[in-house]
Amino acid sequence: MIPVNEPLLEGNERTYLNECIESGWISSDGVFVERFERAMAAYVGRKHAIAVANGSAALDVTAAALNLGPDDEVIIPTHTIISCASAIVRAGARLRLVDSNADTWNMDVAKIEAAITERTRAVMAVHTFGLPVDLKPVLDLAKKYGLAVIEDAAQAIGLTYEGKQCGSFGDISCFSFYANKHITTGEGGMILCDDDALAARARSLRNLCFKPERRFVHEELGWNYRMSSLQAAVGLAQFENLDEHVARKRELGRRYEALLHDVRGLELAPVACSYAENIYWVFGVMLDDRLPIGADEARAILADAGVSARPFFWPMHEQPVFRKQGLFDGESYPVAERMGRRGFYLPSGLALTEAQQDHVVAAVRNMMGEYL
Ligand SMILES: *Cc1c(COP(=O)(O)O)cnc(C)c1O
């Protein structure tokens, strides 16, 4: 079975891990957390970086650091991972959803303004599947209405918007280092921002809101969302190879594009749009409506051919957990609904070989040939 993702661990990972083990510093107090934070902050061009246990934790801390609460509404795309929604819901704030753009598979920024109310406090820009959200209109609206911008750049490490790093635009930005991201720590995440007070709050929330002056007395509840030095050691080694990882992803994506662009009934993500070049975090495809099968059937057929594929996100307004709470009643976001049913992504890991990719392409062509 060709896995949907396999990471590449070919740099200093082992050397740095050995340093941790030999020194005995394996918790978050080891030297690698700060080194990794500094490297990321410099790369993205931000003043502060706060490493956390994972990308979802970064979003939880972000919502708490912004003091979101029951009086607030936050605008997010409906087509995203549950972590974006759960961070807002757990903070007690209300979600307002926006549909996707059919061309870029990212939030349709033309629909944001209609979702803004008196109570809107923030808008979350989530870069998905290789292209960024069109950020300029988001930043303009945020300025006009006084909203905070949360940037979820989990899939966009090394991706640029109009030449500037993703993660450098939000008032606060989140990254993930899960095994399928451009650089991985196995599990891990990071928060980046420029504001000193916001950074201090995020640091405190990550560390149980311990007070430096009186350790076990707490004014507020936080989490133990610290990253360990072991994770950061892997992260720093991965970071050193980030440029190669990005180049490799683009090479994989462009090769899929070249080998699949003529397949009828299969829509591929654009190689570029007006403001960015696809980084091909994953190689996503959408089945044409003329096809009698959807993404689930297609993934089953591909699995029989030894190819593991993953579905796109399932929209937030169709999540049972929220429907049970009576949320999003009667709301409909047709582009995201279609993406959830007809979209999936092919094996796209950094360790994918050309032979494996050829096998995937043959399996996809075979499947599509059956139906067109
Ligand atoms: C991966 C991802 C996350 C969550 O990160 P974890 O480290 O898996 O918790 C959040 N947002 C997006 C867009 C992601 O792709």
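Quick notes on the rules
Residues numbered from 1 in each chain as written. Predicted model: local features only at pLDDT ≥ 70, side-chain atom pairs only at ≥ 80, totals over all residues. Heavy atoms only, no water. Helix = DSSP H or I, 4+ residues; strand = E, 2+ residues; numbered from the N terminus. Buried < 20%, exposed > 50% of the residue type's maximum accessible area, 1.4 Å probe, protein only. Contact = heavy atoms within 4.5 Å. 1 Å grid on protein atoms, 1.4 Å probe; cavity = no way out; pocket = protein on both sides within 12 Å on 5 of 7 lines; lining within 4 Å. Points joined across faces, edges and corners; volume = space filled by probe spheres on them. Nonpolar A, V, L, I, M, F, W, Y, C, P; charged D, E, K, R; others polar. Phe/Tyr/Trp six-rings, centres within 6.5 Å; stacked < 30°, edge-to-face > 60°.

Here we take up the environment of serine 204. By the secondary structure assignment, serine 204 is in helix H6 (residues 196-206). Owing to a relative accessible area of 27%, serine 204 belongs among the partly exposed residues under this scheme. Along the sequence, serine 204 and arginine 250 sit 46 residues apart, while their C-alpha atoms lie 37 Å from each other. Ignoring any residue separated from it by four or fewer positions in sequence, one finds serine 204 in contact with Cys209 and Phe210.

In the structure shown here, the tally under the stated rule is two cavities of 30 Å³ or more. The space that makes up the largest cavity amounts to roughly 50 Å³. Every residue along the wall of the largest cavity is listed here: Val4, Asn5, Asn180, Lys249, Trp281, Val282, Arg310, Tyr345, Ser348 and Gly349. Looking at the lining of the largest cavity residue by residue, the classes come out as four nonpolar, four polar and two charged.

This part is about the packing of aromatic side chains. What the rule picks out here adds up to 16 aromatic pairs. Between tryptophan 105 and phenylalanine 312, the aromatic rings sit 5.3 Å apart at their centres with planes inclined by 65°, giving edge-to-face as the arrangement. You can see tryptophan 105 sitting in the loop between strand E3 (94-98) and strand E4 (120-126) and its partner phenylalanine 312 sitting in the loop between strand E14 (310-311) and helix H10 (320-323), a full 207 residues away along the chain. The class of tryptophan 105 is buried, set by a relative accessible area of 2%. Note on phenylalanine 129 and phenylalanine 312: the rings are 4.4 Å apart at their centroids and 40° apart in plane angle, and the pair reads as tilted. Of this pair, phenylalanine 129 sits in the loop between E4 and helix H5 (135-145) while phenylalanine 312 sits in the loop between E14 and H10, and the two are 183 residues apart along the sequence. Side by side, phenylalanine 129 and phenylalanine 312 carry an identical accessibility label, which is buried.

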